[in-house]
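Structural description and commentary
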Amino acid sequence: MKYKIDEIENGVIVRDVKHFNPVQVAESGQVFRWNALEDDSVNIVSHGKLINIKREKEDIVIRGTNKSEFENIWYDYFDLGRDYVEIRNILSGDIELDKAMEYGEGLRMVNQDPFETTITFIISANNQIPRIKKSVELIAKTYGEAIGEYDGETVYSFPSPEVLSKADVAEIREITRVGFRDQRIVDTSKMIANGEMILDELYNLNREEARNELIKFPGVGEKVADCILLFAYKFADSFPVDVWVQRIMETLYLEEPIPKKHIGDFGRKQFGELAGIAQQFLFYYGRENKIGK
DNA sequence: TGCCAGGGGTTCA
DNA sequence: TGAACCCCTGGC
């Protein structure tokens, strides 16, 4: 453990954490169950738990947890094992990316649960972030378990593959507003629940192999697969290309439009093994500043 | 007020 | 390769 941890009542303080602004991460588009509050803290639902996290000067304060849980769950979830000073050094020297990294000073990757990431990014297809977040909340409320309460509202965990695989397609559509993605959610959950696909085994594959497996899920194409690889499986060189990244790359790096499927390889050539992390900085910077739009 | 385009893509013809 | 797809919101 490379950080000094102090225990407080119902929480921990992680001392001297560089480059971690929870509000920026909440806005980064990689997470859908991080909700920024008025005091600049962020409520997070993950791993069947509700926690609250806030930057206080050099430190990160996490409430709703304890030291052993922090070490077992949140340390890895918040990617605290990776040195972002070093990551940013490696990526530095590119004028546009330097601007994006300065803008996203507190951005970092979050290591999320593969199943939840798969389902939420299936929902993201041809969709918009507020509606994605709403659908994810409704799925948790309908099929998850009550795990706590905030501001008078019950908070629910994300359901298991077993539960979602048995959900009624018409009911999912009716209640959770996912539209045509209803069948994809149930069918993907079935493939996992019945053992046809074992998500944990993808950790043992290389990026191309894991990608080819993920694409077997209905509703998972190349872009969604790349998001799952980057946000759940720690493939830092996975470079998801959505309409925003395409516009940003064309505006900042390319003379002319190139096919979407070639932009990922271009990104890896340009930024190397950490291309996916570079993509996060560019996505955040580009979307907040409407680059290319 | 009401209509219409378009959105973190994927699928199917 | 291109149209269709649920639903919702912002712009006119």
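For the structure itself, look to the data block above.
Anyway, here's the lowdown on the structure attached to this text. Just so we're clear, the structure is a prediction, and the values are computed from it rather than from any experiment.

About the thresholds
- Residues numbered from 1 in each chain as written.
- Chains lettered and ligands numbered in written order.
- Predicted model: local features only at pLDDT ≥ 70, side-chain atom pairs only at ≥ 80, totals over all residues.
- Heavy atoms only, no water.
- 1 Å grid on protein atoms, 1.4 Å probe; cavity = no way out; pocket = protein on both sides within 12 Å on 5 of 7 lines; lining within 4 Å.
- Points joined across faces, edges and corners; volume = space filled by probe spheres on them.
- Nonpolar A, V, L, I, M, F, W, Y, C, P; charged D, E, K, R; others polar.
- Helix = DSSP H or I, 4+ residues; strand = E, 2+ residues; numbered from the N terminus.
- Pairing = 2+ DSSP bridges.
- Near = heavy atom within 4 Å.
- Polar contact = N/O pair within 3.5 Å; in protein donor to acceptor, adjacent residues only side chain to side chain.
- Phe/Tyr/Trp six-rings, centres within 6.5 Å; stacked < 30°, edge-to-face > 60°.
- Buried < 20%, exposed > 50% of the residue type's maximum accessible area, 1.4 Å probe, protein only.
- Lys NZ or Arg CZ within 6 Å of the ring centre and 35° of its normal.

1. Some words on empty space enclosed by the protein
- Enumeration over the complete set of coordinates arrives at two cavities of 30 Å³ or more.
- Here the largest cavity defines a volume of roughly 100 Å³.
- Along the walls of the largest cavity sit Val31, Phe32, Arg33, Trp34, Val45, Ser46, Tyr77, Gln112, Asp113, Glu116, Thr120 and Val136, which together make up its complete lining.
- Taken together, the residues of the lining of the largest cavity sort by class into six nonpolar, three polar and three charged.
- Taken as a whole, the second largest cavity encloses approximately 30 Å³ of empty space.
- If you go around the second largest cavity, the residues you meet are Gln30, Tyr84, Leu107, Arg108, Met109, Ile277, Gln280 and Phe281.
- At three residues, the largest contribution of residues to the lining of the second largest cavity is made by helix H14 (residues 275–288).
- Of the residues contributing to the lining of the second largest cavity, the split by class is five nonpolar, two polar and one charged.

2. As for the pairing of strand E7 (residues 146–150)
- For E7 and strand E8 (residues 153–156), the ladder comprises four bridges, and the chain directions are antiparallel. Bridged to Glu149 within E8 is Thr154.
- Taking the residues between adjacent antiparallel strands as the criterion, E7 and E8 are bridged by two residues, where Asp151 takes a positive phi near 55 degrees.

3. As for the protein's contact with DNA strand B
- Near DNA strand B lie 26 residues; those nearest to it are Gly29, Asn126, Ile129, Gly219 and Gly221.
- Within the backbone of Gly221, one N or O atom sits 2.7 Å away from a phosphate oxygen of DNA strand B.
- Between a phosphate oxygen of DNA strand B and a main-chain N or O atom of Val224, the distance comes to 3.0 Å.
- Elements supplying a minimum of two residues to the surface near DNA strand B: helix H6 (129–143), helix H11 (222–231) and helix H12 (243–252).
- Across the surface near DNA strand B, the residue classes tally to twelve nonpolar, eight polar and six charged.

4. Remarks on the packing of aromatic side chains
- What the rule picks out here adds up to 15 aromatic pairs.
- Between the aromatic rings of Tyr253 and Phe271, the centroid separation amounts to 5.5 Å while the plane-to-plane angle is 90 degrees, which identifies the pairing as edge-to-face. Taken together, the residues span a long stretch of sequence, with Tyr253 in the loop between H12 and helix H13 (260–271) and Phe271 in helix H13 at a distance of 18 residues. Each member of the pair Tyr253 and Phe271 is classed as buried.
- An aromatic cluster is present here, built from Phe20, Trp34, Trp74, Tyr77 and Phe78 joined pairwise through their rings.
- One cation-aromatic arrangement involves Arg181 over Phe180; the distance from NZ or CZ to the ring centre is 4.2 Å.
- Sitting over the face of the ring of Trp244, Arg247 holds its NZ or CZ atom 4.4 Å from the ring centroid.

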